[in-house]
Amino acid sequence: MNPQSTYSISDLSKEFDITTRSIRFYEDQGLIKPKRRGQTRIYSLKDRVRLKLILRGKRLGFSLAETRRLFELYDADKSSTSQLHTMLDLVEEKKASLQQQMDDIKVVLMELNSAEQQCRAALEQEK
């Protein structure tokens, strides 16, 4: 899709394959701020980019509060330096959390394998 200057809620909904309700939720959370023409929401290119970033952050495991924090940092000084430092901190936290989850999964898999072997051995003894 070629970047336009404005978008309707249905344009964004179709482009990002999300519901209009989701878009309105992000608006209610203050993450995007469309203009209004009567009851019609008019989304800017900035809103479109923010929606894309919200969805990317969601896929990466960022909470809406963390995404909001990044947006607030950017809005405060329009400099990406503090935003990038914060992003690096968040990435490190996510990586550490995922590594811990991976370690936990490995332990559970080892325990399940052990339980499976014990069950199979017990079944063999029953024969």
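About the criteria used
Residues numbered from 1 in each chain as written. Predicted model: local features only at pLDDT ≥ 70, side-chain atom pairs only at ≥ 80, totals over all residues. Heavy atoms only, no water. Helix = DSSP H or I, 4+ residues; strand = E, 2+ residues; numbered from the N terminus. Buried < 20%, exposed > 50% of the residue type's maximum accessible area, 1.4 Å probe, protein only. Contact = heavy atoms within 4.5 Å. Phe/Tyr/Trp six-rings, centres within 6.5 Å; stacked < 30°, edge-to-face > 60°. Lys NZ or Arg CZ within 6 Å of the ring centre and 35° of its normal. Salt bridge = Lys/Arg side-chain N within 4 Å of Asp/Glu carboxyl O.

So, on to the environment of Leu 64. Relative to the assigned elements, Leu 64 resides in helix α4 (residues 64–77). The exposure class of Leu 64 is partly exposed, given its relative accessible area of 25%. Spatially, the C-alpha atom of Leu 64 lies 19 Å from that of Asp 17, the residues being 47 residues apart in sequence. Leaving out residues up to four positions away in the same chain, Leu 64 has contacts with Phe 25, Tyr 26, Gln 29, Leu 31 and Ile 54.

Moving on to the packing of aromatic side chains. Following the criterion strictly, the structure yields one aromatic pair and no others. Positioned above the aromatic ring of Phe 71 is the side chain of Arg 50, whose terminal nitrogen or guanidinium carbon lies 4.4 Å from the ring centre.

Proximity of charged atoms lets side chains of opposite charge pair with each other. All chains considered together, the criterion is met by seven salt bridges. For Arg 41, the salt bridge is made with Glu 27, and the minimal N-O distance between the two is 2.5 Å. Of the two residues, Arg 41 is situated in strand β3 (residues 40–44) and Glu 27 in helix α2 (residues 20–28); the sequence distance between them amounts to 14 residues. The same class applies to Arg 41 and to Glu 27, which are both buried. Between Lys 94 and Glu 66 there is a salt bridge whose closest N-O contact spans 3.3 Å. You can see Lys 94 sitting in helix α5 (residues 80–126) and its partner Glu 66 sitting in helix α4, a full 28 residues away along the chain. Residue classification places Glu 66 among the buried positions, given a relative accessible area of 14%.

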